[in-house]
Structures are given as C-alpha cells and as structure tokens.
Amino acid sequence: MSVFDDTRKPYLPDEAATLALGAALAQAVRPGLVVFLEGDLGAGKTTLTRGMLRALGYAGRVKSPTYTLVEPYTLSNLYLYHFDLYRFHDPLEWEDAGFRDYFNPQSVCLIEWADKAEGLLPSPDLLIRLAPEGQGRRAEIVAATPLGTECLARLALN
C-alpha cells in the first residue's frame, strides 16, 4: 500500500494556467464535494471556478457572486453552487440566507471567504489557497476528508 500525498502545490504563471487548473479540477470533482477557495481579492478564485465550469460544459457568463452571494449552475450531471461570503458581517447571516440546503449529496459547493460563516459551514473536503508568487500565483490544494483525498487522487496536473 502506498502513502498518498494529500497536498498539491502547482505554480500558475498566468490566467491560462489558472483556467487549466480549474479544468483539471472539473474532471476530478464528484457530487457531494465541499471546496473552500481562499485568497486575497483578485487572487484568481473566480477564474479557477470559470475554468471548472467551462470544462463541465457551461458556456454562459461566469461572474463572481460578490453581490448575489451565490451563483447556481445546473450542468448535465451535477449542481454546482459558487458562494462568495465576503460581504457577510456576522456568521449568522449564513443561517438567515437559507444556504444550508444547497449542501447535499447531489451538489458541489465552492465557497469563497468561508471564514465569514465560520462554525456554521460543513467542513471542506478540499481547501484551495491561491497566493501571489513571482509573476504568477501558487495554488495549494489540500484534501481534508476521504472524499477530498479521492478527488485529489483523480486530479491530473501537468
């Protein structure tokens, strides 16, 4: 039995590389997955999500849900919800918004600024951190559950 490394740290030199990582993630995700996306404003969280959605066959506009709080996407074999909790001032706003029902075995939930609802969100299966490095950025992808480990094992990075 081999020991699996539960963390990947690809370097993303440009936007195209961020979109490509999103496309690779699209092939690895499965329904029921909860993903926290971490990084400063402009770090590439929505670009990564756009890459995932394009690879899953979504051709419409992909925008940051900063003002809408959640953008739902229905794809052929899955429901994907992209949350942005940046504007939350109190974790209880999560409860008031009624988002808990979105987290179910049929959906993939991507959450930006998860710390704004700390203690109320389900634990992440994957944690993806994006941080500036050199002229690009470094992604750190951490599997936090067995489902996250399965996803990371399927992730094909060049």
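If you look the chain up in an unreviewed UniProt entry, it shows as tRNA threonylcarbamoyladenosine biosynthesis protein TsaE from Chitiniphilus shinanonensis.

(A) Examining the pattern of salt bridges more closely. Following the criterion strictly, the structure yields five salt bridges and no others. In this structure, the salt-bridge partner of Glu 140 is Lys 9, at a minimum N-O distance of 3.9 Å. Placement of the pair is Glu 140 in strand 8 (residues 136-143) and Lys 9 in the loop between strand 1 (7-8) and strand 2 (11-12), with a sequence separation of 131 residues. Since its relative accessible area comes to 23%, Glu 140 is described here as partly exposed. Among the ionic pairs, Arg 129 bridges to Glu 38, the shortest N-O distance being 3.2 Å. Of this pair, Arg 129 sits in strand 7 (residues 126-133) while Glu 38 sits in strand 3 (residues 34-38), placing them 91 residues apart in sequence.

(B) Summary view of the environment of Pro 65. Checked against the element boundaries, Pro 65 lands in the loop between helix 2 (45-55) and strand 4 (70-75). When the C-alpha atoms of Pro 65 and Asp 84 are compared, they prove to be 5.4 Å apart, with 19 residues separating the residues in sequence. The contacts of Pro 65, once residues within four sequence positions are left out, are Val 70, Glu 71, His 82, Phe 83 and Asp 84.

What counts as what
- Residues numbered from 1 in each chain as written.
- Predicted model: local features only at pLDDT ≥ 70, side-chain atom pairs only at ≥ 80, totals over all residues.
- Heavy atoms only, no water.
- Salt bridge = Lys/Arg side-chain N within 4 Å of Asp/Glu carboxyl O.
- Helix = DSSP H or I, 4+ residues; strand = E, 2+ residues; numbered from the N terminus.
- Buried < 20%, exposed > 50% of the residue type's maximum accessible area, 1.4 Å probe, protein only.
- Contact = heavy atoms within 4.5 Å.

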